[in-house]
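The residues making up each chain are set out below.
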Amino acid sequence: MTVPFSQGWLDVGAGHNLRYAQYGCPDAPVSVVLHGGPGSACNPTMLEWFDLSRQRVVLFDQRGAGASTPAGGLLHNTTQDLVEDVERLRRFLQVPRWLVVGGSWGALLGIMYVSAYPASVRGMVLRGVFLPGQLQLNWFFQNLRALIPIAWGELTAGLTALERRSVLQVLARRLLHGTLDERRDAAVRWARYEDAVMDAMMGKAGQAPVAFQPRLLHKYRLQAHYLSQGCFVSERAVFRAARNVRAKTVFVHGTHDWICPPQNLVRLMRFMPLAEARWVAGGTHTTSDKAVHDMLRVAILDMEGKAEDR
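1. Let's talk about the overall build of the protein chain
Then step 1. Counting secondary structure elements, the protein chain contains 10 helices and 8 strands.
Then step 2. Its C-alpha atoms give the protein chain a radius of gyration of 19 Å, within 12% of the compact-globule value 19 Å for 310 residues.
Then step 3. The principal-axis extent of the C-alpha atoms belonging to the protein chain is close to 55 × 45 × 40 Å.
Then step 4. Taking the contacts inside the protein chain whose residues are at least 6 apart along the sequence as the reference set, 71% of them involve residues at least 24 apart.

2. Examining the packing of helix H6 (residues 180-201) against helix H7 (residues 214-227)
Then step 1. Remark: H6 packs on H7, axes separated minimally by 9 Å, with the N-to-C direction vectors making an angle of 85°. One way to sum up the angle between H6 and H7 is to call them roughly perpendicular. In this structure, H6 uses Leu180, Arg183, Arg184, Ala187, Trp190, Ala191 and Glu194 to contact H7, whose residues at the interface are Leu216, Leu217, Lys219, Tyr220, Arg221, Gln223, Ala224 and Leu227.
Then step 2. Residue classes in the contact of H6 with H7 are distributed as 9 nonpolar, 1 polar and 5 charged.

3. Quick notes on the environment of glycine 8
Then step 1. By the secondary structure assignment, glycine 8 is in strand E1 (residues 6-13).
Then step 2. For glycine 8, a relative accessible area of 10% translates into the label buried.
Then step 3. Linking glycine 8 and arginine 91, residues 83 residues apart in sequence, is a C-alpha distance of 15 Å.
Then step 4. Here glycine 8 is in contact with Leu18, Arg19 and Tyr20, once residues within four sequence places are set aside.

4. So, the pairing of strand E4 (residues 56-60)
Then step 1. Counting buried residues in E4 gives 5 out of 5 residues, a clear majority hidden from the surface.
Then step 2. Residues Arg56, Val58 and Phe60 of E4 are buried on one face, and the alternating residues Val57 and Leu59, pointing to the opposite face, are buried as well.

5. So, the nonpolar core
Then step 1. Ranked by internal contacts, the top residues of the largest apolar core, which has 82 residues, are Trp98, Ile111, Trp190, Tyr193, Phe251 and Leu268.
Then step 2. Per-element tally for this core: the top contributor is helix H2 (residues 105-116), with 8 residues.
Then step 3. For isoleucine 111, the contacting residues outside a window of four places in its chain are Met124, Leu126, Val129, Val238, Ala241, Ala242, Val245, Phe251 and Leu268.
Then step 4. Residues Ala21, Val125, Leu296 and Met303 belong to the second largest nonpolar core, which totals 21 residues.

6. Here we look at the packing of aromatic side chains
Then step 1. By the definition in use, this model includes 11 aromatic pairs.
Then step 2. With centroids separated by 5.3 Å and ring planes inclined at 75°, the aromatic side chains of phenylalanine 140 and tyrosine 193 adopt a geometry described as edge-to-face. Separated by 53 residues along the polypeptide, phenylalanine 140 in helix H3 (residues 134-141) and tyrosine 193 in helix H6 bring together distant segments of the chain.
Then step 3. Residue phenylalanine 140 is classed as buried on the basis of its relative accessible area of 7%.
Then step 4. In this structure tyrosine 193 comes out as buried when scored by relative accessible area, which is 1%.
Then step 5. Note on tryptophan 190 and tyrosine 220: the rings are 5.2 Å apart at their centroids and 35° apart in plane angle, and the pair reads as tilted. Taken together, the positions of tryptophan 190 in helix H6 and tyrosine 220 in helix H7 put the pair 30 residues apart, joining distant regions of the chain.
Then step 6. Here tyrosine 220 falls in the buried class, since its relative accessible area comes to 2%.
Then step 7. Members of the aromatic cluster, connected to one another through ring pairs, are Phe140, Phe141, Trp190, Tyr193 and Tyr220.

7. Side note on the pattern of salt bridges
Then step 1. Per the stated rule, a full pass over the model turns up 14 salt bridges.
Then step 2. Arginine 54 serves as the salt-bridge partner of aspartate 51, at 3.7 Å between the closest nitrogen and oxygen.
Then step 3. Between aspartate 294 and lysine 290 there is a salt bridge, with its nearest N and O atoms 2.6 Å apart. Of the two residues, aspartate 294 and lysine 290 both sit in helix H10 (residues 290-303), 4 residues apart, roughly one turn of that helix.

8. A look at the environment of alanine 41
Then step 1. Among the structural elements, alanine 41 can be located in the loop between strand E3 (30-34) and E4.
Then step 2. Note on alanine 41: relative accessible area 26%, which makes it partly exposed.
Then step 3. Once residues within four sequence positions are removed from consideration, alanine 41 is found in contact with His35, Met46, Asp61 and Gly66.

9. Observations regarding the packing of helix H1 (residues 79-92) against H2
Then step 1. It is at 9 Å that the axes of H1 and H2 come closest, and there the two elements cross at 70°. For the element pair H1 / H2, the angle class is roughly perpendicular. In terms of crossing hand, the pair formed by H1 and H2 is right-handed. Of the residues in H2, those in contact with Thr79, Leu82, Val83, Val86, Glu87 and Arg90 of H1 are Trp105, Leu109, Met112, Tyr113 and Ala116.
Then step 2. Grouping the amino acids of the contact of H1 with H2 by side-chain chemistry returns 8 nonpolar, 1 polar and 2 charged.

Analysis parameters
- Residues numbered from 1 in each chain as written.
- Predicted model: local features only at pLDDT ≥ 70, side-chain atom pairs only at ≥ 80, totals over all residues.
- Heavy atoms only, no water.
- Helix = DSSP H or I, 4+ residues; strand = E, 2+ residues; numbered from the N terminus.
- Rg over C-alpha atoms; globule rule 2.2 N^0.38 Å.
- Contact = heavy atoms within 4.5 Å.
- Axes fitted to C-alpha atoms, helices over the stretch in contact; angles between N-to-C directions.
- Parallel < 35°, antiparallel > 145°, perpendicular 65-115°, else oblique.
- Nonpolar A, V, L, I, M, F, W, Y, C, P; charged D, E, K, R; others polar.
- Buried < 20%, exposed > 50% of the residue type's maximum accessible area, 1.4 Å probe, protein only.
- Core = buried A, V, L, I, M, F, W, Y, C linked by side-chain atoms within 4.5 Å.
- Phe/Tyr/Trp six-rings, centres within 6.5 Å; stacked < 30°, edge-to-face > 60°.
- Salt bridge = Lys/Arg side-chain N within 4 Å of Asp/Glu carboxyl O.
- Left-handed = near helix turned anticlockwise from the far one by under 90°.

Nothing here speaks to function; it is all geometry.
Given below as structure tokens:
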């Protein structure tokens, strides 16, 4: 297990404290990882994307996520808050400029961050980019049922016909305003659905059903908080931010990504014509997919000018 050379909490105000850790070579060029979700967390497997003998990597959990406190905190937790947190962390760690590496929700957050703080970023490597519009949300919660009908049926079991036409809204209402039992049920439904999508996308047999854990409630309440509010940023605002990006950017996206479909990147690239798209043939959404993992690692090494022979 890789041991961080520095770790702790950063007080970012409004009662929030971010858990961070630094790995690799302290004097090397710095990369920061923006995890997905919203509401997920960083994990040690992310370090596999980097050459820690030549790079310094900062992992941190966003507001309310992972080991950051308060766990699952929703107050003062918006996309704009998270953008400011990334910059607060950079200043706290006294990093002049860093490489931003983000996946899924973290890719969107990276675009918003570099648009707000262009002088703080020397490049970006973004994977499986998420967009906040209704097109993306309808795809995941409604239209994806065409590919995973059994899993979607389990997700919506017991819902009325009207509720089945607005699954996200039903889940969000239960997670944010329901009884404890309703919150737990909604979190487990959402988690099992995500797992089923991932398994089907990667051609894996179904895993054991997800059992309730407190961390699931924190994670999916955060996701419900963000997604029910359109992630506090419109697609138009994301595209405007993308148009302002001047930092060298490489996108890695699987052609068989069912979570954040390839259409997301095609649409985004219209506003970032100088960015490079690296399509992973047959690739999915997760870095547990070896092809996606390997492409991401190579993109990061290329960005650092230290690409290995391949």
